[in-house]
Amino acid sequence: MKRIFCLAIALILLISISMGCSNKAAVKDAENEKSDAVSKEETKEEKAEEPKAEKVNLLLFHGKQEAQETFSEIIDEFNKKYPNVTIEQEIVTNDPSAILKARLATGEVPDIFSAGVEVIDISKGGYLVELTNEPFLKNIVEDTLKSSSFTDGNGKVWALPIDGSCIGVFYNKKIFSDNGLTVPQTLSELKNVCEVLKSKNIPAFALGFKDGWTIKMAAISAFSPAVYGKNLNWDADKNSGKASFTNTEEWKTSFELLSLIYSYGNTKTAFDTDYNGACSMFAQGKAAMMAQGLWALEPIRDIAPDIDIGIMGFPVSEDPSEAKLHQFPDFSLCISSKSKYIDECKKFFEFMTTKEIAEIWSNKAKLFSAVKGVSLSFDPVAEDVNRLIAEGKICTQGDRGWPTPFHSEFEKVLPEFLLGKKDINSVLGSLDEAWDKARSISQSE
Amino acid sequence: MSAYSTKIRKNDLAFILFILPAFVLFFLFFIVPFIRSIYYSFTDLYGYNRNVNFIGLSSFLEAFRDENFLTSLTVTLKYALFVVIIGNIVSLALALLLDTNIPGKSVLRTVFFLPNVMSLIIVGFVWTFIYGDVYRSFMEILGNPEYLQISWLGNTSIAIYSIGITAIWQSAGYAMIIYIAGLQNISTDIIEAAYIDGASAREVFFRIKLPLISPVIVMNVILATTSCLKVFDFPLAMTSGGPGYATTTMALYIYTLGFNMQRTGYATAISVILFLIIAVITVFLMKFLKMREEKL
C-alpha cells in the first residue's frame, strides 16, 4: 500500500516536471525566466506562425498594479504589429525600488523598467540606455521631457515619460454652496472659508497624517506654487548657494500654510487617520477640502461615485494668479543597458508614444499624458484641470529636483513641525543642513 | 587500536558531512554578508553608485552626531525596557495562573500562545485597527469623554509604548510556555514542605518558586532583550516610524537609510553599531544575571 502511494507521488512529480519543461520550451529564452515570488503575468505567447523573425521575449518590470490590464491591452496591440516580440509583465507592488536595486546589483536586470524618482541616480551607475536622440521623443511634451526626472544636468535623456499627475486641493462643491462659500482665490479668502466652516463644526481639510507621505502631499500643494511658482530654479539657486530654506521667505509661508491646513482639519484625529481614512472622510462629505494628488480620485469615486467635487491650486498669497496647481511627471520607463534586445525595447517605446496608445493609457490611468495632443475625459475634475492649464495656473516644479536622500528627511521633519517638536526656524535650519548633506552624499562619485 | 581509530575517523567524516549543508548555508548567507557589511561600513557606498570609496571611521563618527540616530537609539531602548520588564511580568503572571488547577487551562494555554503563531505584520495591522477605529467607536459609545481622547499611535510620547503593548500581547505566550515548563520542574515536595512549615503563598512564590526558576528568567530576559533591540516589523506595520521619528527604532532607521535614502554605506555602519550594542548588552545581562542567580 505504502509502496503504491510512493509510486503515485513519484509519477505525479515526474509528470509535473516534464510538463514544466514543455511549457518553457515554448517560451525559449531561458535567461528571461525569472522566478521571483511576485505577481507575474504572461501575455499572449505566440501569435500566428509568421515566417520566423527571431523570437524575442522582453521583461517589463513595474510597480503599478492598477496598470496591469492597460499594459496587457497595449501589449496585445503591440503584438499585432510585431508578432515576434512577446512582453511579459512583472509587477512588484511592495517597495519596487528596493527590489529593482537588488536586481541591478545582482545583474538580473529586466529589459524595461519603471524607476520613479531615482532615474538619474540609476543612470549614473551606467545601467540605462541613453534616449537623447531617439525620434519618438518628438512626440513628448517638451516641458515634461526637460523635467529633472528624466533629463540630467548635461541634457541627456534617460527615461521615457508616460504620464503626469497633479497635486492640489480637492473641494466639495456641495459643502461650499450649502454654506454660501465660493472657491477661494486668495489666502485671506481661504482663511475666511476655514473660519466659516469651523464655526459650523465642519473640518475644512481631511487629514490622513498617519501615513507620513500624505503630509508631504499637503506640503507640496502649498510650497510648489509658493516657492517654485515664484522661482522655478530654486533648486539650482539652492545648490549654488544663492538661496536657502532660511532666507527664502516663501518657505516660511509654506510651512505656515501647512499648519493652517493642520489646524483647520480633523486636527485631533489627524495622526490616527491614514490616507484611506482621509479619502473616505472627504468622500462622505465630512470634510470640505483635501490637499492630495489626482490619484485620490480613485478611492473617492469608489466610495461616492457621484460626488460633486473640483480641484484648485493652493491660494498662497493675495494674488489670485499665484494659486497654482502642481503638475509633475508620474510614470516613466527606462531601458536596461544590459538588455539583449535594445532595438525591440525602443520599438515598444515608440509604440507607447503614438497618440492612440497614449489615449488608451491616460484615460485608463486617469492621468495626463506626456504625449502631445492627447485629450482627457476621464473625470469631471479633469475639466477644472484643463481650465487651470489654459489659464496658466500650473507650476511644474516641486520635489523632483531634490537630492534623493533629502526626501525622507523632509518627510520626517513635517510631523515634528506640526506636533510642535520643532519651531519654524529650527525646521528651516535643519532642512538646509539636510539638503547640503544629502547633496554631497549623492554626488560623491 | 588502528581499526578503532579509523572507525572514529569514519564517524567524524559522517558527522562533518551531516553538518556541511547547514554550515555552508550559514556561511554563505550569514557569515559572508556579515563580513562584507563590516567592510562596507567603512565605505561611502551609495545606492546605485558603483564607485565605492574607503572613508574609514567617518560613518561611525557621523552616527554619533546624527540627531536622528540618537533618537532611534533612545526609542529602541525605551521600547526594550518597557517590553522586557512588563512583558516578563505579564508572562510570569500568566504562567503562575495556568500552573494551578484552574479549569480549561490547556485551552487557555493555547489561546495565550496563539498570537505567537501569527505573522507580525498581520498582528501589527490588526492592532492599528484596534487603536484607531475600534477604540474610537468605543469612545463614541461612552460619549467621547475628554480624558479618554487618546491618540494611541499619533501621540509622539506614547506611540512607542502602544507598539510595546502589541508586542507584549504577541510574545507573552511564548515566554509563558517557558515559564510554565520551569514552574513544573519545581518538585511539589518542596512546596508542600514549605506550606507545612507555615509559609504563606506569597513567601512560597518569592522564596521558593522565583529562586528556582531564575535560570528560566535569565533566559527569557535575554531572549526578549535581543529581539526587542532588533524590533522592526511592528513599527513598520503600525506607524512606519512616525510621527516624525517617534517610533523609528534602530532597525527601522537602518532600513530607511538603506532603502529610502540610498545611503547604504552609512546604513551598514549603523547596523554594525546595532550589532555591537546587542552583543554588549547580552554579555552584560548574562554576567549580571548569572551572578544574581548564584547568589540566590
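Computed from a prediction, not measured in an experiment: that's the story for all the values here. (Residues numbered from 1 in each chain as written. Chains lettered and ligands numbered in written order. Predicted model: local features only at pLDDT ≥ 70, side-chain atom pairs only at ≥ 80, totals over all residues. Heavy atoms only, no water.)

Structural notes on the overall build of chain A
Along the backbone of chain A there are 17 helices and twelve strands. The contacts in chain A between residues at least 6 apart in sequence include a share of 76% that link residues at least 24 apart. Accessible area for chain A stands at about 19600 Å²; split by element, carbon and sulfur atoms hold 52% of it. (Helix = DSSP H or I, 4+ residues; strand = E, 2+ residues; numbered from the N terminus. Contact = heavy atoms within 4.5 Å. Areas by Shrake-Rupley, 256 points an atom, 1.4 Å probe, with all protein chains shown as cover.)

Focus on the nonpolar core
Counting 60 residues, the largest nonpolar core has Phe205, Phe223, Trp251, Phe255, Met289, Phe406 and Phe410 of chain A as its most contacted members. Contributing elements (two or more residues each) for this core: β6 (163-172), α6 (173-178), α7 (187-199), α8 (212-228), α10 (249-263), β7 (289-293), α16 (404-418) and α17 (424-443) of chain A. Per-element accounting of this core gives the leading share, ten residues, to α8 of chain A. With residues up to four places along the chain from it excluded, the contact list for phenylalanine 406 of chain A reads Phe245, Leu431, Ala434, Trp435 and Ala438 of chain A. Within the second largest apolar cluster, 42 residues are counted, among which are Val83, Val221, Tyr245 and Val272 of chain B. (Core = buried A, V, L, I, M, F, W, Y, C linked by side-chain atoms within 4.5 Å. Buried < 20%, exposed > 50% of the residue type's maximum accessible area, 1.4 Å probe, protein only.)

Here's the deal with the pattern of salt bridges
Per the stated rule, a full pass over the model turns up 17 salt bridges over all chains. Across the salt bridge formed by aspartate 178 of chain A and lysine 174 of chain A, the nearest N and O atoms sit 3.3 Å from each other. Of this pair, aspartate 178 of chain A and lysine 174 of chain A both sit in helix α6, four residues apart, roughly one helical turn. Look at aspartate 178 of chain A and you get exposed, because its relative accessible area is 53%. In this structure lysine 174 of chain A comes out as exposed when scored by relative accessible area, which is 54%. Of the charged contacts, one joins lysine 437 of chain A and glutamate 62 of chain B as a salt bridge, the two residues approaching to 3.2 Å between their closest N and O atoms. (Salt bridge = Lys/Arg side-chain N within 4 Å of Asp/Glu carboxyl O.)

Digging into a nonpolar patch on the surface
Residue and element names in this part refer to chain B. A contiguous nonpolar patch, built from Leu13, Ile16, Leu17, Phe18, Ile19, Leu20, Phe23, Val24, Leu25, Phe27, Leu28 and Phe29 and spanning about 1300 Å² of accessible area, is present on the exposed surface. Along the chain, leucine 28 falls in helix α1 (residues 2-40). Of the residues examined, leucine 28 reaches a relative accessible area of 46% and is grouped as partly exposed. (Patch = residues over 30% accessible without salt bridge, like charges linked within 9 Å, V, L, I, M, F, W, Y side chains within 5 Å.)

Side note on the domain arrangement of chain A
Residue and element names in this part refer to chain A. Once the domains are mapped, chain A shows domain 1 (31-162 + 330-353) and domain 2 (165-329 + 380-443). Contacts between the two partners involve eleven residues from domain 1, matched on the other side by eight residues from domain 2. Where domain 1 abuts domain 2, roughly 790 Å² becomes buried across the two surfaces, and 53% of that area is made up of carbon and sulfur atoms. One can count zero salt bridges joining domain 1 with domain 2. Counting the contacts that link domain 1 with domain 2 gives one residue pair in polar contact (both at pLDDT 80 or more). Class assignment of the residues belonging to the side of domain 1 that touches domain 2 gives a composition of three nonpolar, four polar and four charged. (Domains from an automatic or database assignment. Buried area = accessible area lost by both parts, 1.4 Å probe. Polar contact = N/O pair within 3.5 Å; in protein donor to acceptor, adjacent residues only side chain to side chain. Nonpolar A, V, L, I, M, F, W, Y, C, P; charged D, E, K, R; others polar.)

Concerning the environment of lysine 286 of chain A
Residues and elements named next belong to chain A. Along the polypeptide, lysine 286 turns up in the loop between α11 (275-283) and β7. Judged by relative accessible area, lysine 286 falls into the partly exposed class, the value being 49%. Those residues within four positions of lysine 286 in sequence are excluded, and the remaining contacts are Ile202, Pro203 and Met281. Within the local environment of lysine 286, its side chain forms a polar contact with the side chain of glutamine 284, the two groups lying 3.2 Å apart.

Focus on the interface of chain B and chain A
On the chain A side, the residues contacting the 37 residues of chain B number 31 residues. Counting each side, the surface lost to burial between chain B and chain A is near 3000 Å², with a carbon and sulfur contribution of 49%. Here chain B and chain A share one salt bridge between them. The interface formed by chain B and chain A contains ten residue pairs in polar contact (both at pLDDT 80 or more). Those elements giving two or more residues to the side of chain B that touches chain A turn out to be α3 (67-99), α5 (120-141) and α11 (250-260) of chain B. Residue composition of the side of chain B that touches chain A, by class: eleven nonpolar, 19 polar and seven charged.

Examining the packing of helix α8 (residues 201-212) of chain B against helix α9 (residues 214-229) of chain B
All names here are of chain B. Following both chains from N to C, one finds α8 and α9 inclined at 60 degrees, their axes separated by 4 Å at the closest point. On the basis of their axis angle, the class for α8 and α9 is oblique. Between α8 and α9, the contacting residues are Leu210, Pro211 and Leu212 on the first element and Ser214, Pro215 and Ile217 on the second. (Axes fitted to C-alpha atoms, helices over the stretch in contact; angles between N-to-C directions. Parallel < 35°, antiparallel > 145°, perpendicular 65-115°, else oblique.)

Points about the environment of aspartate 163 of chain A
Residue and element names in this part refer to chain A. With respect to the helices and strands, the residue aspartate 163 is situated in strand β6. Among residues more than four places away in sequence, those in contact with aspartate 163 are Lys64, Pro329, Asp330, Phe331, Trp361, Ala365, Leu367, Phe368, Ser369 and Ala370. Engagement of the side chain of aspartate 163 in a polar contact is seen with the side chain of tryptophan 361, the distance being 2.7 Å.

A few points about the environment of aspartate 233 of chain B
Take aspartate 233 of chain B: it is sitting in helix α10 (residues 233-238). Residues aspartate 233 of chain B and asparagine 11 of chain B, spaced 222 residues apart in sequence, show a C-alpha to C-alpha distance of 43 Å.

What about unusual backbone geometry?
Glycine aside, residues mostly have negative phi, and peptide bonds are mostly found in the trans state. Although it is not a glycine, asparagine 201 of chain A adopts a positive phi angle of roughly 65 degrees. Mapped onto the elements of the fold, asparagine 201 of chain A is located in the loop between α7 and α8. With relative accessibility at 72%, the residue asparagine 201 of chain A sits in the exposed group. Residue serine 240 of chain B is not a glycine yet carries a positive backbone phi of 45 degrees.

Quick word on the pairing of strand β3 (residues 85-91) of chain A
All names here are of chain A. Most of β3 sits inside the fold, with seven of its seven residues counted as buried. With burial as the criterion, each face of β3 is covered, one bearing Val85, Ile87, Gln89 and Ile91 and the other bearing Thr86, Glu88 and Glu90. Taken together, the seven bridges between strand β2 (residues 56-62) and β3 define a ladder with parallel strand orientation. Within β3, the residue paired with histidine 62 across the bridge is isoleucine 91. Between the parallel pair β2 and β3, the chain is carried across by helix α2 (residues 68-81), and the sense of this crossover is right-handed. (Pairing = 2+ DSSP bridges. Right-handed = clockwise from strand over helix to strand, strands pointing away.)

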